[in-house]
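# Observations on the model geometry
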Amino acid sequence: MNARERLLTDFARSKAYFPGHLLPWLTSLRESAIENFAAQGFPSPNDESWKYTNTKKLQQTEYCIAQQAVIPPIDSLAAQIKAQQLCPDEQRMVFINGIYHPELSSMSPLPKGIILSSFAQALQDHPKLMASTLGKIVNHQAQPFSALNSAFMSDGLFLWAAENSQMASPIHCLFISTTSAKPVVFYPRLLIVLKNNTPLTLIEHYIDLSATSFDPDMTATKQTAGNHHLINTVTEIHLGSEAHLDHYKLQQESLNSRHIAAMYVQQHRASQFTSHSYSLGAALARCDIQIQLTGSQAECTLNGVYLVDGQQHVDYHTQITHLAPDCSSQQLYKGVIQGHARAVFNGKVIIHPEAQQSNAQQLNKNLLLSDSGEVDTKPELQIYADDVICNHGATVGQLDTQALFYLQSRGVSQSDAQAWLVYGFVSELLERINNPLLRKFIQLSVTAQLNRLVGNDACDFPVLFPTQNGELSCR
Amino acid sequence: MLNINNLHAEIQGNTILKGLNLSVKAGEVHAIMGPNGSGKSTLANVLAGHPDYQVTAGEVIFQGADLLGFSVAQRACAGLFVAFQYPLEIPGVSNVQFLKLALNSQRKYRQLSELDALDFLQLVKSKVQEVGMEEELLYRSINEGFSGGEKKRNEILQMLVLEPQLAILDETDSGLDIDALKLVAQGVNAFRCDPNAGQERGLILITHYQRLLNFINPDFVHILFDGRIVKSGGPELALALEKNGYADLLPKGLS
């Protein structure tokens, strides 16, 4: 039985047990999604968008569905979860192997107009709201992994913000994978609907916890073997007029895990979407980000950092479709590649004829630290309007030997000089994180990973904090 | 303090230094002048250990040790400082944090305790005033978007913070207006005559112009030509040069 057949059998066996299996609209969504997957199968290297990312090993692994995974004693997790706190005022939703655990989460009363709930709970409490949006902007026809997620999704996040509602505290979705005897797959689903004029901050955070790979001081992945699992996650974001979402994603899974993620965003008039995506862990990390600018004056900004070493493989595929006039899209992705790691970036921008006065900027910069690493970067612009400003660029470079010399000429050791230059390469993106606590947490994760990449002793590399306010803070 | 014997060096196969000899004692100020292409900056870069330059013969003894056997960072830690002619811009690396890293790297090398953030800031702020630099520049990336004069002041700031035993200033005066030049010269003089320094400091000024030497009086002036020092003398040599150019001073048939 091949992987495709195995999944079809799994679906047939489990469909009566999925959350919301009594909801006809949901059942038909699942059925149609699995049919879409069956028709496509897994992507092959002949598919243009999977040319550089091979899913063969993923297909060869017999993943079982998450419910069978062993959940370690909850008590032993509580302290470790506390260490993952980003901001004291956050709404923290904790998911163990894809399933929401309220007893591990930390939620405070919600402001009027906000619904924040686990996905499974929301299917019971708010089926009508979900039926009107769930799956509407997800591409099942050309994204087989998204189709699989829609077929198998069982838990995740439902966030609904009514018009003009306000919530200052960030929402932190912490997805924890734990040790298991067998490889496990889970399918988190996040559905986010912000109605007109609502600002919000959301963090998707993926980590591993297990007796062997957990590092109490540091949240980043370790070089030790971790859990074998596959996360196939889909995030759907609907932004009403003048809605504003700051979306963060911090992926720090163990080096045996595979992470397949898709994010679909639809933006109405004058809405703003900012993505900060940090891909540090996992053997394979694939992120598809598809954004539709359907209302005029909508703006999206995509910031991405990937830091890979060893045999890691990271792949960002972005697609921004300008459908209305006066919209802007800005993309800046920076990657550092060490060892035999490989990075793929494909940035597609499509400007439709009615999208006059579009402004689309795209830049992908890569720093290659080894001779055996590889980068495949490709910008793709399709422009059907005549009054637009579009720029794109892609670079692959090495550490500047002149800069290395300059730093060393002041007494800085070679490994410190390397670490600082690499940090300098990505720090521009860290500075774009407005929330100082969030920035600090992500900086710690980034510097820990950078130290590993340059082979530096972590203790010798000062953690840097922004100095724009004249503050000077080194560990 | 510094003894350079028969130094030969090349870059990309081109021999630039062809048997250079120079001796600098503690407390002395040496000026090196010479036409473009004579090897002045090459000398500075070779002493600092720039990887583009290869030493093909000769030796450099600094404070009794074989300088050429040291790594770039070790040379700095041993007390050698070069203020570069064209200081590099390094985006994304904070100027002040780099300074702190450099100072503490050197202190660690010398087995001194590292300075904490507060003590360091106090030190660096007092030095910033000495060179007349805008404090705001501390919090920018290293030299990024600095004017030519600001870059040169930043080099001098690094020198004052790092307190080397021997400083080589490679055309630090070029690109400075007269007020900036005075300030920088004041800073350099303060550095030379620092009563807290354990040993008198040495200074090598690489320059094209007498102007700088009005403010920092050299003990010796050397003329470098075609990779060798062809003439040495006192301050009067620089004055003669300013008046008559190199033609009269160089060996016959060379200019």
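Let me sum up the structure you'll find in this document. In this text the structure is predicted, and so the values were computed from the model without any measurement.

Cut-offs and rules
Residues numbered from 1 in each chain as written. Chains lettered and ligands numbered in written order. Predicted model: local features only at pLDDT ≥ 70, side-chain atom pairs only at ≥ 80, totals over all residues. Heavy atoms only, no water. Helix = DSSP H or I, 4+ residues; strand = E, 2+ residues; numbered from the N terminus. Buried < 20%, exposed > 50% of the residue type's maximum accessible area, 1.4 Å probe, protein only. Contact = heavy atoms within 4.5 Å. Areas by Shrake-Rupley, 256 points an atom, 1.4 Å probe, with all protein chains shown as cover. Lys, Arg positive; Asp, Glu negative; His and termini not counted. Charge placed at Lys NZ, Arg CZ, Asp CG, Glu CD. Buried area = accessible area lost by both parts, 1.4 Å probe. Salt bridge = Lys/Arg side-chain N within 4 Å of Asp/Glu carboxyl O. Polar contact = N/O pair within 3.5 Å; in protein donor to acceptor, adjacent residues only side chain to side chain. Pairing = 2+ DSSP bridges. Axes fitted to C-alpha atoms, helices over the stretch in contact; angles between N-to-C directions. Left-handed = near helix turned anticlockwise from the far one by under 90°. Nonpolar A, V, L, I, M, F, W, Y, C, P; charged D, E, K, R; others polar.

### Overview of the overall build of chain B
Within chain B, the regular secondary structure consists of eight helices and 12 strands. When the backbone C-alpha atoms are referred to their principal axes, chain B occupies close to 60 × 40 × 35 Å. The buried share among the 255 residues of chain B stands at 55%. Taking the contacts inside chain B whose residues are at least 6 apart along the sequence as the reference set, 70% of them involve residues at least 24 apart. Carbon and sulfur atoms make up 47% of the accessible area of chain B, which totals about 10,600 Å². A distance of 3 Å separates the average location of the 22 positive side-chain charges in chain B from that of its 29 negative side-chain charges.

### Considering the interface of chain B and chain A
Facing 39 residues of chain B, the contacting portion of chain A comprises 26 residues. For the chain B face of the interface with chain A, the top three residues by lost area are B:Gln97, B:Leu101 and B:Tyr139, together amounting to 24%. Here chain B is connected to chain A by one salt bridge. For A:Arg410, the salt bridge is made with B:Glu155, and the minimal N-O distance between the two is 2.7 Å. In this assembly, chain B and chain A are joined by nine residue pairs in polar contact (both at pLDDT 80 or more). For the side of chain B that touches chain A, the secondary structure elements donating two or more residues are α1 (40–48), α2 (72–77), β6 (80–83), β7 (90–94), α3 (95–109), α4 (117–131) and α5 (148–162) of chain B. Top element by residues in the side of chain B that touches chain A is α3(B). It accounts for nine residues.

### Quick notes on the sheet that holds strand β17 (residues 328–337) of chain A
Residues and elements named next belong to chain A. Here 10 strands make up an open sheet; going across it, the order is β3-β2-β6-β9-β11-β13-β15-β17-β19-β21 and the pairing mixed. The open sheet has two edge strands with one neighbour each: β3 (99–100) and β21 (389–397). Strand contacts of helix α9 (residues 414–430): β13 (272–279), β15 (299–308), β17 and β19 (359–368), with the helix running at about 155 degrees to β17, the strand carrying the most contacts. The strands touched by helix α10 (residues 436–454) are β9 (199–209), β11 (244–252), β13, β15 and β17; relative to β11, the strand with the most contacts, the crossing angle is about 30 degrees.

### Considering the side chain of B:Asp173
All names here are of chain B. The residue Asp173 is located in the loop between β9 (166–170) and α6 (178–192) in this model. There is no salt bridge for the buried Asp173, and the closest opposite charge comes from Arg211, which lies 5.4 Å off by N-O distance. Side-chain polar atoms of Asp173 contact the side chain of Thr207, separated by 2.5 Å. For Asp173, the contacting residues outside a window of four places in its chain are Leu181, Ile206, Thr207, Tyr209, Arg211 and Leu212.

### Brief notes about the packing of α9(A) against α10(A)
Residues and elements named next belong to chain A. It is at 10 Å that the axes of α9 and α10 come closest, and there the two elements cross at 140 degrees. Where α9 crosses over α10, the two elements pack in a sense that is right-handed. On the side of α9, the interface is formed by Ser415, Gln418, Ala419, Val422, Tyr423, Val426 and Leu430, while α10 contributes Arg439, Ile442, Gln443, Val446, Thr447, Leu450, Asn451 and Val454. Grouping the constituent residues of the contact of α9 with α10 by class yields nine nonpolar, five polar and one charged.

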